[in-house]
Amino acid sequence: AETLAFLAVALAADFWFGSGQRFTEFSPHPFWIIVLLASVHYGTNEGLAAAALCAVVLLAGNMPEQGFDEDRSAWLLRVTADPVLWILASLVLGEIRSAHQRRHDSVRRDLAQARRELAAITEAYQSLTEVKNGLEVRVAAQLQTVQAVYRASRSIERQDIGEVLVGIVDLVRAVLAPRKFSVFLLNGSVLEAGANEGWRPDDRFTRDFEASSPLFQA
């Protein structure tokens, strides 16, 4: 489309302001402009198309006459000199442009691949960081749990029943961390609730288990 537009403007300028011979009196020929631009900007195929269109526009209905003392080979060379040069220029410059374009595409693919790899590495690093932080929290929690269990078990070694109950409560809380629990003591043939943790006033849990109950027998 750009080639056709250029040729239309050029022919109009030649018709209105030139000799009407399609710029054959100019050297280099003005059609070189569009051939070079198409070849450099788009590549080989577009350059060849521009060269072919320029050759058709130049020679269609405008074939130079053969001179009286000019042989046929010299005449053909004079007539086809510019079209042949346009084709050669479009081939050379178009292939250079195509090589640059292929290299550019290869660099873009490599860049896209590098970005994908960087994103994967970043995601893996963030995942490892989260795992590391989680392990640090777990290790710290386990250390705290071990210390709490040790302190609670030491308190159970005391002889006083009240202190033993307090130690058991601390031990259960450190090991299981339940929201609510109870400690039952054997009193004769009855299990009685000796300590309750987390019970609300409206809770109606059983506080005594007789010897006949399945829980006591189990």
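Student: Even after reading the chapter, I still don't get the packing of aromatic side chains, so can you show me in this structure?
Tutor: Aromatic rings considered in pairs are described by the distance between their centres and by the relative angle of their planes. Across all of its chains, the model carries 2 aromatic pairs by this definition. A centroid spacing of 5.3 Å and a plane angle of 65° characterise the contact between F184 and F209, whose relative ring orientation is edge-to-face. Of this pair, F184 sits in strand β1 (residues 181-187) while F209 sits in strand β3 (residues 208-210), placing them 25 residues apart in sequence. Among the residues examined, F209 registers a relative accessible area of 18% and is labelled buried. Geometrically, the ring pair formed by W199 and F205 is edge-to-face, given 5.1 Å between the ring centres and 65° between the ring planes. Its relative accessible area of 42% is what places F205 among the partly exposed residues.

Student: Looking at this model, I keep getting lost on the side chain of S90. Mind explaining?
Tutor: Tracing the sequence through the fold places S90 in helix α4 (residues 72-156). Its relative accessible area of 0% is what places S90 among the buried residues. Residues contacting S90, with those up to four places away along its chain left out, are V35, S39, T44, G47, L48, A51 and E95.

Student: Is there a simple way to think about the pairing of β1 in this case?
Tutor: Put simply, side chains in a regular strand alternate between the two faces of the sheet. Bridging between β1 and strand β2 (residues 190-197) involves 7 bridges; their strand directions are antiparallel. Residue pairing for β2: L186 is matched across the bridge by L191. Between β1 and β2, which pair antiparallel and follow one another directly, the connecting turn spans 2 residues, one of which, G188, has a positive phi of 70°.

Student: What should I look at first to understand the environment of G94 in this one?
Tutor: Tracing the backbone shows G94 in helix α4. Here G94 falls in the buried class, since its relative accessible area comes to 0%. Considering only alpha carbons, one finds G94 and T44, 50 residues apart in sequence, at a separation of 3.7 Å.

Student: Explanation requested: helix α2 (residues 32-41) in the structure shown.
Tutor: Since the α-helix packs 3.6 residues into each turn, any two residues three or four apart lie on the same face. Within the sequence span of α2, burial applies to W32, I34, V35, A38 and S39. Where α2 ends, the next residue or the one after it, G43, has phi of about 125°, a positive value.

Student: Just to check I follow, could you spell out the confidence of the model for the protein chain for this structure?
Tutor: Low-pLDDT portions of the prediction should not be read for the details of their coordinates. Model confidence for the protein chain is summarised by a mean pLDDT of 80, while 75% of its residues fall at 70 or above. For the protein chain, the element scoring lowest by mean pLDDT is helix α5 (residues 161-176), at 74; β3 scores highest, at 93.

Rules used in this analysis
- Residues numbered from 1 in each chain as written.
- Predicted model: local features only at pLDDT ≥ 70, side-chain atom pairs only at ≥ 80, totals over all residues.
- Heavy atoms only, no water.
- Phe/Tyr/Trp six-rings, centres within 6.5 Å; stacked < 30°, edge-to-face > 60°.
- Helix = DSSP H or I, 4+ residues; strand = E, 2+ residues; numbered from the N terminus.
- Buried < 20%, exposed > 50% of the residue type's maximum accessible area, 1.4 Å probe, protein only.
- Contact = heavy atoms within 4.5 Å.
- Pairing = 2+ DSSP bridges.
- pLDDT = per-residue confidence, 0-100.

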